[in-house]
Amino acid sequence: MQHNTRTPHKSQPFRLNTMIVAIVSAALIVGVLIGVSLTSVANSNPENVASSVYIDSAAPDANICVQYGASAIVTDTRVFLTLNPFKVYITQPRMQPGCVLRTSDWAILQQRNLITSQQTNDCKNRLNTFAYTGKLENSPQVSCVYQNDAAGNLFASQGQNSN
């Protein structure tokens, strides 16, 4: 008499089809390549300023600017206001690289006779600082600027819940 010694059917672990693995791998590789190419295009095109590194390198006197202050994007816009009739007209903005100096580093401008002692005192009394566009050796346009923190940085708050 022969006994049926069959063991119960054991389920085999799930095996991925090689075709599915190949498709998923190809999609992943294509996605990474597209992401890398878009990132490199965004950083290399001067029409698309996408990083602070690009802004730092475009600043006038980049080494001085980074060492004694911060590079900046300067926007020059003129606003015309008429009263009768009441209308507001705004020019197209002119974008250019600039530099904002720390208050402790104004000596750079004073040594080159780009600001007077009266301008220094006026700017200091208003708790402002100096910023400029153009190279320091080529008569830059220097302005006393006020740091406005009232608007806040809306880029930094992305992803956080706001009430």
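Structure: above.
A brief report on the enclosed structure follows. Given the structure is predicted, the values throughout are model-derived calculations rather than measurements.

**Here's the deal with the pattern of salt bridges**
So, point 1. With the rule as written, the count across this model stands at two salt bridges.
So, point 2. For Arg 94, the salt bridge identified is with Asp 76, shortest N-O distance 3.8 Å. You can see Arg 94 sitting in strand E4 (residues 94–101) and its partner Asp 76 sitting in strand E1 (residues 69–76), a full 18 residues away along the chain.
So, point 3. Assessed through its relative accessible area of 31%, Asp 76 is described here as partly exposed.
So, point 4. In this structure, the salt-bridge partner of Arg 102 is Asp 105, at a minimum N-O distance of 3.2 Å.

**With respect to the nonpolar core**
So, point 1. Core analysis: the largest hydrophobic core is formed by twelve residues, namely Ala 59, Cys 65, Cys 99, Leu 101, Trp 106, Ile 108, Leu 109, Ile 115, Cys 123, Phe 130, Tyr 132 and Leu 136.
So, point 2. Counting only elements with at least two residues in this core, the list comes to E4, helix H4 (107–111) and strand E5 (129–133).
So, point 3. Not counting chain neighbours up to four residues away, the residues in contact with Ile 108 comprise Ile 64, Tyr 68 and Leu 136.

**Looking at the environment of Ile 73**
So, point 1. Tracing the chain through its elements places Ile 73 in strand E1.
So, point 2. Setting aside residues up to four positions removed in sequence, Ile 73 forms contacts with Ile 55, Met 95 and Gln 96.

**Brief notes about the sheet that holds E5**
So, point 1. One open sheet accounts for four strands, arranged E1-E4-E5-E6; its pairing is antiparallel. With one partner strand each, in any of the chains shown, E1 and strand E6 (141–145) form the two edges of the open sheet. This sheet shows a mean twist of 35° between the axes of neighbouring strands, independent of strand direction.
So, point 2. Of the strand pairs in this sheet, E4 and E5 are connected by two bridges, and their pairing is antiparallel. What sits directly across from Cys 99, in E5, is Tyr 132.

**A short note on the state of the cysteines**
So, point 1. One pass over the full model with this rule turns up two disulfides.
So, point 2. Note that Cys 65 is cross-linked by a disulfide to Cys 99, the S-S spacing being 2.3 Å. Given an S-S torsion of about 110°, the disulfide between Cys 65 and Cys 99 has right-handed geometry. With Cys 65 in helix H3 (residues 62–68) and Cys 99 in strand E4, this pair connects stretches of sequence that are 34 residues apart.

What counts and how
- Residues numbered from 1 in each chain as written.
- Predicted model: local features only at pLDDT ≥ 70, side-chain atom pairs only at ≥ 80, totals over all residues.
- Heavy atoms only, no water.
- Salt bridge = Lys/Arg side-chain N within 4 Å of Asp/Glu carboxyl O.
- Helix = DSSP H or I, 4+ residues; strand = E, 2+ residues; numbered from the N terminus.
- Buried < 20%, exposed > 50% of the residue type's maximum accessible area, 1.4 Å probe, protein only.
- Core = buried A, V, L, I, M, F, W, Y, C linked by side-chain atoms within 4.5 Å.
- Contact = heavy atoms within 4.5 Å.
- Pairing = 2+ DSSP bridges.
- Axes fitted to C-alpha atoms, helices over the stretch in contact; angles between N-to-C directions.
- Disulfide = S-S within 2.5 Å.

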